[in-house]
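Listed below, chain by chain, are the residues.
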Amino acid sequence: AAALLRNIPGVGLQGAGGVSSLPVIHGLADDRVRIKVDGMNLVSACANHMNSPLSYIDPAQVDQVRVYAGISPVSMGGDSLGSTIAVNSAAPKFAEAGSGTLQKGEVAAFYRSNGNAVGGSLEATLASEQLSLTYNGTAASADNFKTADNFKPAGPAAADRGWISGDEVGSTAYETLNQALNIALQQGIHLFEARITQQHIPYQGFPNQRMDMVDNKSHAVNLHYRGSYDWGVFDTRIYREKTRHSMNFGDDKQLLYGDAPGMPMETRGENTGAVLQADISLSERDMLRAGVEYQAYTLDDWWPPSGTGMMMSPNTFWNIRNGQRDRYEAYLEWESRWNAQWISSLGMRSGVLRMNTDPVQGYSTTNGMGMMRHSYLEESTAFNQQDRQRTDHNTDVVALLRYEPADTRMYELGLSRKTRSPNLYERYTWSTSGMSMLMVNFVGDGNGYVGNLALEPETANTLSVTAGWHDATGERWSLHVTPYLTYVEDYIDAARCRSATPACGAANQLAVDQFVYLRFENQAARLRGVDVSGFVVLPGSGAMGKFTAKAVLSYVDGENVRTHDDLYNIMPLNMKVSLEHERGRWTTVLESDIVARKRHVSAVRNEMETSGYALVNWRTSYQMPALRIDVGIDNLIDRAYRPPLAGAYVGQGRTMSGTGVPYGITVPGMGRSFYTGVTYSF
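All values reported here derive from a predicted model rather than from experimental measurement.

Q: Let's hear about the side chain of Asn452: which residues, and what values?
A: Here Asn452 lies in the loop between β25 (448–450) and β26 (458–470). Engagement of the side chain of Asn452 in a polar contact is seen with the backbone oxygen of Phe520, the distance being 3.0 Å. Once residues within four sequence positions are removed from consideration, Asn452 is found in contact with Glu426, Arg427, Thr429, Arg519, Phe520 and Glu521.

The following block contains the structure:
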């Protein structure tokens, strides 16, 4: 579902599994972006953030996506640093008055040649004027995809695995199944909804992580009420979501280490939330939005013993035990339409966030010895003796001003101060053994990480300006330019770790051109950039159909202002240009993705540079009253390229060892791929 955002100015995608990529907006990614799925604030229950929020909804289920890039109103959520993504499935459908029973549905299927990806979806609705029942089911699977060149030698994927060719990108296969049942009751001004969802991912490989998802099950119940009154709208939601997640080594990563059959890692997350909000019409000019929000999240992350060796036995390793992250927030937002030209919005959100965790333990109650030193006893004892409860008091303030002096011009100024508290892994992971740290990584850089109990919340101060010009109708041409500047206090970056374990020894401090071990640390960061987007209907559009040229350009620069290092995973200058042709039932698009060389990289992480490239994609669709056919070719010229945000390639081999996979290879992009899709509505 994250791929639906790829043509939005300022939005990039951080590489992960086939259904779990993470949106990056203006250089900020993952937990720094507030993501709401059908009004639920979902949390990734994984040390590698494999089950990212947008992985819980299939693209076929998405009806509407709203992106607030850079600055978002306080009513759209807190505990983030600016941007918000709100994804919603289709609203319930009811029969029209006097028309009897509504029966409708849609069935779709697709195929992609590269990776032999196949999938399908079914949606069916049965409704009266008051009651609506909708079922939605989707399934998709794919093998490993291939790139356009041999980016590595061919050979066995690992010592105990099968053969893998030089152009095959290991650990990119996946299978996913999603089901949803929506029950809605409409009575006058009242709408009641109960949405029940279930997801099962039997496996999903991750080419930039040392582990793979070998099972993921999620269940959610989402209860929603909306009432439209004379004074405005009252909206409330209560939801409960549970995730059971398992990681181990997939088909392309070495499974056996001595007598240890892999390294099982288990996670259980439980997420309970409630939102009450009201849009109150104070006058024809003024609207007041008020709301309260509660979220209680618990996490267990444990690693059962494996084999009889001293590294992964005899005890269960507790990475996080009964981790708790509870959030209580309230907000007020005042929007005024002063006249036909001026609109303002001023909002404030205040909240308390409480975190805690139970005592932990390592695989053994010793510290190991020599190069096998792991400090399990020493570090778990020190962690357990500390006060682990943390309470953060966070405040967000957002001010927006919009001026439209004419039907063809628009100017907008935005100021915001937004705060995000650390997640459970950033604060509470505790072991500096190399193996343990390699299992904690949200960013796919191949490095290992350990948490920090002393972390403070991040606070982002953002200034954004937008200027827009268009024709009087807004249908012939348009141009928008948005420069922005963000300064983040207590930005959670990384520093080389120090401890008695060999992984964090003196060699790690000076290491270059290899994977390293890091501790999360508060620093300070500055991000600045600009987004440009526009379109124009070309002259001569008429008998030959309508021709429209579109372009999106984005640039962002990020720097750690304390260390003067470049921030990690910053997208270089990039542009998307397309020519769209519409005639009757046909729509055809020829587009190019152009990306500059990535020169500015994070030295502390030994991030790798990538070369510039240009891709060409082609697609066409034919829409009949009940049938739609889509055909396309991605990477038409079969260009070999390395996406700047795809991360380090650790998709095969002896991945549990810090030196078991070679440093210096980034995850390549997909080679030429033909695809087709068919959608039938009934």
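Q: So what's going on with the sheet that holds strand β1 (residues 11–14)? Which residues, and what values?
A: Strand order in the open sheet made by the three strands is β1-β2-β3, with antiparallel pairing throughout. In this open sheet, the two edge strands, each paired with only one partner strand, are β1 and β3 (28–29). Note that β1 and strand β2 (residues 22–25) share four bridges and pair antiparallel. In the sheet register, Gln14 faces β2, and the bridge partner there is Leu22.

Q: Run through the state of the cysteines, naming residues and quoting values.
A: Going through the model one piece at a time under the given rule, you end up with one disulfide. In this model Cys497 forms its disulfide with Cys504; the gap between the sulfur atoms is 1.9 Å. In this structure the cystine formed by Cys497 and Cys504 twists about its S-S bond by roughly -90°; its chirality is therefore left-handed. Judged by relative accessible area, which is 0%, Cys497 ranks as buried.

Q: Break down the environment of Gln204 for me, with residues and values.
A: Looking at where Gln204 falls in the secondary structure, it is placed in strand β14 (residues 190–204). When sequence neighbours within four positions are dropped, the list of residues in contact with Gln204 reads Gly17, Gly18, Val19, Ser20, Met50, Ala173, Tyr174, Asp212 and Met213. At 3.2 Å, the side chain of Gln204 forms a polar contact with the backbone nitrogen of Gly18.

Q: Quick rundown of the pattern of salt bridges? Include the residues and the values.
A: A full pass over the atoms with the stated rule returns 38 salt bridges. Where Asp279 meets Arg289, a salt bridge forms, and the shortest distance between an N and an O atom there is 3.9 Å. Here Asp279, found in strand β19 (residues 265–281), pairs with Arg289, found in strand β20 (residues 286–303); they are 10 residues apart in sequence, far enough to count as distant. Of the charged contacts in the structure, one is a salt bridge between Arg373 and Glu378, with a shortest N-O distance of 2.7 Å. Judged by relative accessible area, which is 24%, Arg373 ranks as partly exposed. Overlapping salt bridges, with partners in common, bring together Arg34, Asp79, Glu293, Arg325, Arg327, Glu329 and Arg349 in one network.

The rules behind the values
- Residues numbered from 1 in each chain as written.
- Predicted model: local features only at pLDDT ≥ 70, side-chain atom pairs only at ≥ 80, totals over all residues.
- Heavy atoms only, no water.
- Helix = DSSP H or I, 4+ residues; strand = E, 2+ residues; numbered from the N terminus.
- Polar contact = N/O pair within 3.5 Å; in protein donor to acceptor, adjacent residues only side chain to side chain.
- Contact = heavy atoms within 4.5 Å.
- Pairing = 2+ DSSP bridges.
- Disulfide = S-S within 2.5 Å.
- Buried < 20%, exposed > 50% of the residue type's maximum accessible area, 1.4 Å probe, protein only.
- Salt bridge = Lys/Arg side-chain N within 4 Å of Asp/Glu carboxyl O.

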